[in-house]
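Below, each chain spelled out in residue letters.
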Amino acid sequence: MIWYSALVLAVAGERLAELVVALRNTRWALARGGVETGRAHYPAMVALHTALLLGCLVEVRLAERPFVPLFGWAMVAVVVAAQGLRWWCIRTLGHRWNTRVIVVPGLPLVTGGPYRLLRHPNYAAVAAEGLALPLVHGAWLTAVLFTVLNAALMAVRVRCEEAALTATTAADVTA
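Residues numbered from 1 in each chain as written. Predicted model: local features only at pLDDT ≥ 70, side-chain atom pairs only at ≥ 80, totals over all residues. Heavy atoms only, no water.

Participant: Kindly report on helix H4 (residues 121–135), identifying the contributing residues and their values.
Facilitator: Its 15 residues give H4 an end-to-end C-alpha distance of 21 Å, which sits within 8% of 21 Å, the value for a rise of 1.5 Å per residue. For H4, a buried count of eleven out of 15 residues is recorded, marking the element as mostly surrounded by other parts of the structure. Among all positions of H4, only Pro121, Asn122, Tyr123, Ala125, Val126, Glu129, Gly130, Ala132, Leu133, Pro134 and Leu135 are buried. (Helix = DSSP H or I, 4+ residues; strand = E, 2+ residues; numbered from the N terminus. Expected span 1.5 Å × (residues − 1). Buried < 20%, exposed > 50% of the residue type's maximum accessible area, 1.4 Å probe, protein only.)

Below is the structure:
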């Protein structure tokens, strides 16, 4: 359980690093006239991601979930791949990547990197990580709950992003 706790803490540390990048990028975007939308769902997203990390540790401890090596190591590989995809997204979007929905008018849609393959690759990374991280050590209840709640939240989030991008693109065309 010690190494699993270390893995979950490493993911938490990665999330804190994301927040540092997001804060820097928020300042950059707002200084360039960026418009934020979707503030209402942001606290729920933060709470869900925090609950994922806590749920991993609590469920494994309280329910005495076993580590099944073949499955567990496969899930570790998924977690690592999800981190790689997430940071590929962050690198590709540069200053535009954020944990919030902020669109800077006049900037073209990014279609390179993982965005040439998927419309929302960062959310694919989140979904993969949210399923795999708990399953590394058999926390199937946390995996199921996160996956269901995340799907509902992502339905809201993607609609919000699409509307923000569409509104900005439409404004650019009419300008």
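Participant: Lay out the environment of Thr147 in plain terms, naming residues and giving numbers.
Facilitator: Take Thr147: it is sitting in helix H5 (residues 140–174). Thr147 sits 98 residues away from His49 along the chain, and the two C-alpha atoms are 11 Å apart.

Participant: Break down the packing of helix H1 (residues 2–31) against helix H2 (residues 42–62) for me, with residues and values.
Facilitator: In the contact formed by H1 and H2, the axes pass within 9 Å of each other and the chain directions differ by 165 degrees. Taken together, the axes of H1 and H2 lie roughly antiparallel to each other. At the point where H1 passes H2, the crossing takes the left-handed sense. In this structure, H1 uses Tyr4, Ser5, Val8, Val11, Ala12, Arg15 and Leu19 to contact H2, whose residues at the interface are Tyr42, His49, Leu53, Cys56, Leu57 and Val60. (Axes fitted to C-alpha atoms, helices over the stretch in contact; angles between N-to-C directions. Parallel < 35°, antiparallel > 145°, perpendicular 65-115°, else oblique. Left-handed = near helix turned anticlockwise from the far one by under 90°. Contact = heavy atoms within 4.5 Å.)

Participant: Can you lay out the packing of aromatic side chains for me, pointing to particular residues and giving the numbers?
Facilitator: All chains considered together, the criterion is met by four aromatic pairs. Measuring from ring centre to ring centre gives 6.2 Å for Trp3 and Tyr4, while their planes differ by 75 degrees; the resulting arrangement is edge-to-face. When its relative accessible area of 0% is taken as the criterion, Tyr4 is described as buried. Pairing Phe67 with Trp73 gives two aromatic rings, centres 5.6 Å apart and planes at 85 degrees, and the pair type is edge-to-face. The positively charged end of Arg100 is found above the aromatic ring belonging to Tyr42, 4.0 Å away from the centroid. (Phe/Tyr/Trp six-rings, centres within 6.5 Å; stacked < 30°, edge-to-face > 60°. Lys NZ or Arg CZ within 6 Å of the ring centre and 35° of its normal.)

Participant: Account for a nonpolar patch on the surface, naming residues and giving values.
Facilitator: Where nonpolar side chains cluster on the molecular surface, the patch consists of Trp140, Leu141, Val144, Leu145, Val148 and Leu149 and spans about 580 Å² of accessible area. With respect to the element layout, Val144 can be found in helix H5. Note on Val144: relative accessible area 46%, which makes it partly exposed. (Patch = residues over 30% accessible without salt bridge, like charges linked within 9 Å, V, L, I, M, F, W, Y side chains within 5 Å. Areas by Shrake-Rupley, 256 points an atom, 1.4 Å probe, with all protein chains shown as cover. Salt bridge = Lys/Arg side-chain N within 4 Å of Asp/Glu carboxyl O.)

Participant: Explain helix H3 (residues 69–93) to me, and be specific about the residues and the numbers.
Facilitator: With 25 residues, H3 ought to run about 36 Å at 1.5 Å a step, and its terminal C-alpha atoms sit 36 Å apart, in line with that. For H3, the complete set of buried residues consists of Gly72, Met75, Val76, Val79, Ala82, Gln83, Arg86, Cys89, Ile90 and Leu93. On the buried face of H3, the contacting elements are H1 and H4. Phi for Gly94, located one or two positions after H3, is positive at around 60 degrees.

Participant: An account of the side chain of His137 is needed here, citing residue identities and associated values.
Facilitator: Position of His137 among the secondary structure elements: in the loop between H4 and H5. Apart from residues lying up to four places away in sequence, His137 is in contact with Met1, Trp3, Tyr4, Val60, Arg65, Pro66 and Phe67.

Participant: Please give an account of the nonpolar core that cites residues and values.
Facilitator: One finds Tyr4, Leu7, Val8, Cys56, Val79, Leu133 and Val136 to be the most contacted residues of the largest nonpolar core, which totals 25 residues. Those elements that place two or more of their residues in this core are H1, H2, H3, H4 and H5. The dominant element in this core, judged by the number of residues it contributes, is H2, at seven residues. Formed by eight residues, the second largest nonpolar core is a distinct cluster that contains Ala22, Leu93, Trp97 and Tyr115. (Core = buried A, V, L, I, M, F, W, Y, C linked by side-chain atoms within 4.5 Å.)

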